[in-house]
Amino acid sequence: MKLLVRVIEARNITAMDPNGSSDPYVKLQLGRQKFRTKVLKKCLNPSWCEEFTFKVDDLKEKLLISVLDEDKYFNDDFIGKVKIPISQVFEAKDASLGTSWYTLRPKNEKTKNKDCGEILLTICFSQSNTLADLPPITDPVNPRKSADMTSDLTSRSSPLRSSSPMRSEEEVPSKEEKSYAPTLADLPESVSALGLEDKTEEQSSSVDFEELIKTTEMREQGDEVPSSLPGGIVLDQLYGITPRELNSVLFSPDSNHLKAVMDIQGSTDLQIGPWKFENGGAVLKRVVSYTKAASKLIKALKTTEEQTYLKADGKTFAVLSSVNTPDAPYGKIFRAEVLYCITQGPEQPSGELSSKLVVSWRMNFLQSTMMRSMIEGGAKQGIKESFEQYEKLLSQNVNPVDLKGIGLEKDQLLASLQAERPSDWKLAAQYFSNFTVISTILMGFYVLMHVWLAMPNTVQGLEFVGLDMPDSIGELIVCGVLVLQGKRVLELISRFMQARVQKGTDHGIKAQGDGWLLTVALIEGRNLAAVDSSGFSDPYVVFTCNGKTKTSSIKFQKSDSLWNEIFEFDAMEEPPSVLDVEVFDFDGPFDEATSLGRTEINFLKSNISDLSDIWIPLEGKLAQACQSKLHLRIFLNNTRGSNGFRDYISKMEKEVGKKIKLRSPQTNSAFQKLFGLPPEEFLINDFSCHLKRKMPLQGRLFLSARIIGFHADLFGHKTKFFFLWEDIEDIKIIPPTLSSMGSPVVVMTLRLGRGFDARHGARTQDAEGRLKFHFHSFVSFNVANRTIMALWKARALTPEQKVQIVEEESEANSVHTTEEESIVKNLLVAEEEVEAKSLQTEETGSFLGIEDVNMSVIYCSILSVPTSFSMELFRGSEIDRRVMERAGCLNYSHSPWESEKPDVYQRQLYYKFDKRISHYRGEVTSTQQKSRLSGKNGWLIEEVMTLHGVPLGDYFTLHLRYQIEDLPSRSVGCSVQVYFGIAWLKDTKHRKRITKNITLNLQERLKVVFSVLEKEYVSGT
């Protein structure tokens, strides 16, 4: 029989060194068999995640587990020990003691200080070299202690609220406290309930929360909903209750939601102040204070939140929370602000109302600091993790609503818009009801009455029969006034008829074609500038995107116009970069329109989901003076999906004359994260080059369908910028010079007023203010030049300019055309053959050629978790991320599972190795494929890994196969087998050395992964 022991971690061990820490390791002994773990330096809460196998010959033996402190110059110090009879393991259920905490005992029982800490072990029997089933943590002697252990383990597994070693030591109760705890537990239930009830009544007796909200609703608050804060949205979810009910759940003093959130996040000393009016009853505010749990880097912090109602009208509730942590590093110079916005959602199929909760944040710096980017980065990660727990807890108490379940899609959103269609007679009456028209009508009626009553005059002067001329200066003036008035009225009639003919909506007309579809819904305008003498204007809006224009209808005599019009742009082959929006005042068909303001919507700097309902302020002298803004709904969809990317790259290949490799999802994700781009942006190529400024700066030039970006990191100083292809006015090639290190220089000149966000990377600025960027020292200048020119021509040039450039190039290169075409053709044919062979290999092999790799078992074990929980490692869940981070995988990201074949799914992974895993901190791109085990209740996961940034990483690929299946002999548990093999792409003399190194590293990593997985399961139960 084999006894399997897994040493997972220890906590609160005694500090043996003068510096207040220890260098612990574990010794295990059964009879003459001895093992020991690795030594962890300066740690009081060590985590080993190592497993050992003992051969058992006598059930009367005892397993001795000792924790010691390594001493460099003297004998190692003894910390504590645990003795476990083998018979106890054999007689347990399923021959397993499971995963449990064991109290460490001192070497001498007479020692005064008997608190040596605890150690988490997994102990079980197995007939094979695997670990046995693990029941949840239980303590039949003291169930209260078991519950405390479980809750402590849960708090320690939290990535955001994990306790520091110092804090864990402070929280260990003394001997007197332990002896007094049962007395507190034995208090009558009625006494504790009475105390809690009195406290609740004391809080709610101050002022009733609902009455305060109703008082706030009676105030004048305006119709505008506070916009999301610029830091980003961390929670956006629909819930199946009304906004008023959701507001009570989140902010009512009688709600336990806030206390539950603090308990999950490990915060203590919670004090909730009452809601009360301040500033003369103008602001409803309360103060919440608590102690935020310590993390690995920051000690426990006293935190104060000021929560203020910005809006409460029964349908919309907005609360701004200003978080102050003065004890944090630089804590006195910034505030973290979080905006909770509750609005009314769409009606559910059952007819019940729903509400939408959007939580956004920002950092409000009270003074400037060089640490701003570091503070914002740390706050962003912490806030994101906190609200993941917040959302999970809220979803347990309030039912979330699925968007698909209520049909909240673009078509339904737009279908709810009804364009304002008043009658022509009503509009005419409104438009012509002014002094000019009324005075002209009255004067005309007066003249007609005069003609009817007056007698005909005799012919005199230069008059003749049929021609009656003015007989005095007064008559001449009256005739002139009548003519001018008539002219103005005719112009008004002409403008009115022209405006009514102008069509301003595509309601019911679908966009034509397949590709990028842009839909713009113009809802309304507010505070539009008045340029007419009447104090109003006749506004209309012009939308321009990729050279295509859409014009709205004209609204007469309005400063707050309601359009509710929809505009569909026909499908575009390339993704649009910018949507130009400009508002004009209509002055007739022959007069130049007056601009009331304009704005620009940059799709690369905006989140598409945020554009679905947005208020946009207008720019310009008139617009800024009046604070004009437009209410828009913008939707951008790609009907081709990933095929659109491939078609675009194929098109660029013809222009460049070279095969362009389609980048992996991980590479695209890293590129998007680097420049803050939306998910639909994809990388086409990147080149190493120098940016020429005062001093050449080495970096990389990134090219995508819509942008050209540069990134460099020199001695920790990062330079990063990008601009649009449409921003480039001209590209010139300067011959090699000594200053360019013998390399041609690519000079990009931007259009006037463009690219000011990237001006720190410009070499010069001409007399007109246009920025010029110089790039040189490309590794492959010809390929880089052809790719840059092809992308620029595709995006920035008009068809006439493209024809002109093609004609000039054909005349200059006519001599070399035939030879170059033949070379390019041969290259493309060769690459197509290679691609065809690779595709054929993929179709015939089980998974990317895995059958050709010799694979052997590298890890085999039985876990105390069900198969469904083990598969959390491959589902992209929070557990997956935490386990991978614990195993030394940084910046872990993954794509969603996509169906490749029936019952076969595939996804992509990307992460970096921690320094303790790889000295080179290499990157990993991996492809995983999962399918059901045939004839068994389990899963098969196959994986191909590629290493980047490590020596000889391009010489091989790593292949793994995970086989996870249920154990019919155990109530809870699963069997895990991992096979491993290396596919060598190139031969090297270091082959054996690399194989040994990778194998040992992978074995240790798998032990850590599955040990942490067991710990997560125990924490969850």
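Residues numbered from 1 in each chain as written. Predicted model: local features only at pLDDT ≥ 70, side-chain atom pairs only at ≥ 80, totals over all residues. Heavy atoms only, no water.

### Some details on the overall build of the protein
For the protein, the helix and strand inventory stands at 22 helices and 41 strands. Buried residues in the protein amount to 45% of all 1021 residues. Once local pairs closer than 6 in sequence are excluded, the contacts in the protein between residues at least 24 apart make up 62%. (Helix = DSSP H or I, 4+ residues; strand = E, 2+ residues; numbered from the N terminus. Buried < 20%, exposed > 50% of the residue type's maximum accessible area, 1.4 Å probe, protein only. Contact = heavy atoms within 4.5 Å.)

### Digging into the pairing of strand S13 (residues 301-312)
By the bridge criterion, eight bridges tie strand S12 (residues 283-292) to S13 in an arrangement that is antiparallel. Across the sheet, Val 288 pairs through a bridge with Glu 305, a residue of S13. Strand direction decides the pairing type here: S13 and strand S14 (residues 317-324), joined by eight bridges, are antiparallel. Of the residues in S14, the one forming a bridge with Thr 304 is Asn 324. Counting the residues in the hairpin turn of S13 and S14 gives four residues, including Gly 314, whose phi is positive at 95 degrees. (Pairing = 2+ DSSP bridges.)

### So, helix H21 (residues 878-886)
For H21, every residue scored as buried is listed here: Ile 879, Asp 880, Arg 881, Arg 882, Val 883 and Met 884. One or two positions beyond H21, positive phi appears at Gly 888, with a value near 90 degrees.

### A few points about the side chain of Thr 749
Examined against the element boundaries, Thr 749 turns out to sit in strand S31 (residues 745-750). Non-local contacts of Thr 749, meaning those with residues more than four positions away in its chain, are made with Asp 727, Ile 728, Glu 729, Asp 730, Arg 770, Leu 771 and Lys 772.

### Digging into the environment of Asp 313
Among the structural elements, Asp 313 can be located in the loop between S13 and S14. Under the relative-accessibility criterion, Asp 313 is labelled partly exposed at 35%. Of the polar contacts made by the side chain of Asp 313, one reaches the backbone nitrogen of Lys 315; its length is 3.1 Å. At 2.7 Å, the side chain of Asp 313 and the backbone nitrogen of Thr 316 are in polar contact. (Polar contact = N/O pair within 3.5 Å; in protein donor to acceptor, adjacent residues only side chain to side chain.)

### Overview of the sheet that holds strand S2 (residues 24-30)
Within the open sheet, the four strands sit side by side as S3-S2-S5-S6. Their pairing is antiparallel. If you trace the sheet from one side to the other, it starts and ends with strand S3 (33-36) and strand S6 (77-85), each paired once. Strand-to-strand twist across the sheet, computed as the mean angle between neighbouring axes with direction ignored, equals 15 degrees. Inspection of the sheet shows S2 paired to S3 by four bridges, in the antiparallel sense. (Axes fitted to C-alpha atoms, helices over the stretch in contact; angles between N-to-C directions.)

### Structural notes on the packing of aromatic side chains
Per the counting criterion, the structure on display carries 30 aromatic pairs. Taking the centre distance of 5.0 Å and the plane angle of 55 degrees together, the rings of Trp 275 and Tyr 309 count as tilted. Of this pair, Trp 275 sits in the loop between strand S10 (268-272) and strand S11 (276-278) while Tyr 309 sits in strand S13; the two residues are 34 residues apart in sequence, bridging distant segments of the chain. Judged by relative accessible area, Tyr 309 falls into the buried class, the value being 7%. Members of the aromatic cluster, each reached through a chain of ring pairs, are Phe 209, Phe 251, Trp 275, Tyr 309, Tyr 340, Phe 387 and Tyr 390. (Phe/Tyr/Trp six-rings, centres within 6.5 Å; stacked < 30°, edge-to-face > 60°.)

### With respect to the confidence of the model for the protein
Low pLDDT means the predicted coordinates in that region are not meant to be read closely. Within the protein, residue pLDDT values average 76, and 77% of them lie at 70 or more. Counted against residues more than four places away or in other chains, residues 127-206, with its pLDDT under 50, gives 122 contacts. Low confidence marks residues 404-409, where pLDDT is under 50. Its contacts with residues over four positions away, or in another chain, come to 13 contacts. (pLDDT = per-residue confidence, 0-100.)

### Side note on the sheet that holds strand S23 (residues 594-602)
Pairing in this open sheet of four strands is antiparallel, and the strands run S20-S19-S22-S23 from one edge to the other. Lying at the two open borders of the sheet, with one neighbouring strand each, are strand S20 (548-551) and S23. Each neighbouring strand pair of the sheet contributes to a mean axis angle of 20 degrees, computed without reference to strand direction. One ladder, built from six bridges, connects strand S19 (residues 539-545) with strand S22 (residues 578-585); its direction is antiparallel. The residue of S22 that forms the bridge with Tyr 540 is Phe 584.

### Overview of the pattern of salt bridges
According to the stated counting rule, one finds 30 salt bridges in the structure shown. The partner of Arg 244 in a salt bridge is Glu 217, with the nearest N and O atoms 3.0 Å apart. Of this pair, Arg 244 sits in helix H7 (residues 243-251) while Glu 217 sits in helix H6 (residues 209-217), placing them 27 residues apart in sequence. Arg 244 sits in the partly exposed class, given a relative accessible area of 30%. Between Arg 907 and Asp 880 there is a salt bridge whose closest N-O contact spans 3.6 Å. With Arg 907 in strand S37 (residues 904-913) and Asp 880 in helix H21, this residue pair connects regions lying 27 residues apart in the sequence. Each member of the pair, Arg 907 as well as Asp 880, carries the same accessibility label: buried. Where salt bridges share partners, they join Glu 878, Arg 881, Arg 882, Glu 885 and Glu 1016 into one cluster. (Salt bridge = Lys/Arg side-chain N within 4 Å of Asp/Glu carboxyl O.)

### Details of the pairing of S12
Of all 10 residues in S12, seven are buried, a share of seventy percent or more. Bridge count for S10 against S12 is three bridges, and the pairing is antiparallel. Considered in S12, the bridge of Gln 271 is made with Ser 289. Where S11 hands over to S12, the hairpin turn is made up of four residues, of which Asn 279 adopts a positive phi near 55 degrees.

### Section: the environment of Asn 247
Its place among the elements puts Asn 247 in helix H7. With a relative accessible area of 1%, Asn 247 lands in the buried category. Along the backbone, Asn 247 and Ala 318 are 71 residues apart, and their C-alpha atoms lie at a distance of 9.1 Å. Other than its neighbours up to four places away in sequence, Asn 247 contacts Phe 209, Ile 213, Ser 252, Tyr 309, Phe 317 and Ile 342.

### A word on the nonpolar core
Formed by 49 residues in total, the largest nonpolar core has its most connected members in Val 978 and Phe 1010. Elements that contribute at least two residues to this core include exactly strand S34 (856-863), H21, strand S35 (889-894), S37, strand S39 (938-948), strand S40 (956-966), strand S41 (974-984) and helix H22 (991-1020). Sort the elements by how many residues they give to this core and H22 lands first, with 10 residues. Discounting chain neighbours no more than four positions away, the residues touching Val 978 are Ser 856, Val 857, Ile 858, Tyr 859, Leu 960, Arg 961, Tyr 962, Leu 1006 and Phe 1010. Residues Val 656, Leu 703, Phe 710 and Ala 712 belong to the second largest nonpolar core, which totals 40 residues. (Core = buried A, V, L, I, M, F, W, Y, C linked by side-chain atoms within 4.5 Å.)

### A short note on the packing of H6 against H7
Contact geometry for H6 and H7: axes closest at 12 Å, N-to-C directions at 125 degrees. Regarding the angle of H6 to H7, the classification is oblique. Here H6 and H7 pass one another in a crossing that is right-handed. Contact residues: H6 offers Phe 209, Glu 210, Ile 213 and Glu 217, while H7 offers Arg 244, Asn 247, Ser 248 and Phe 251. (Parallel < 35°, antiparallel > 145°, perpendicular 65-115°, else oblique. Left-handed = near helix turned anticlockwise from the far one by under 90°.)

### Notes on unusual backbone geometry
Trans is the prevailing form of peptide bonds, just as negative phi is the prevailing case for residues other than glycine. A positive phi angle is found at Asn 564, which is not glycine, with a value near 55 degrees. Looking at where Asn 564 falls in the secondary structure, it is placed in strand S21 (residues 562-572). The backbone phi angle of Gln 627 is positive, close to 55 degrees, even though this residue is not glycine. Locating Gln 627 in the fold gives a position in the loop between helix H14 (621-626) and strand S25 (629-638).

### Description of the packing of H21 against H22
Packing of H21 against H22 leaves a shortest axis separation of 9 Å and a crossing angle of 140 degrees. Compared by their axis directions, H21 and H22 come out oblique. Handedness of the crossing formed by H21 with H22: right-handed. Only Arg 1005, Val 1008, Val 1009, Val 1012, Leu 1013, Lys 1015 and Glu 1016 of H22 make contact with H21, whose side of the interface consists of Ile 879, Arg 882, Val 883, Met 884 and Arg 886. Counted by class, the contact of H21 with H22 contains seven nonpolar, no polar and five charged residues. (Nonpolar A, V, L, I, M, F, W, Y, C, P; charged D, E, K, R; others polar.)

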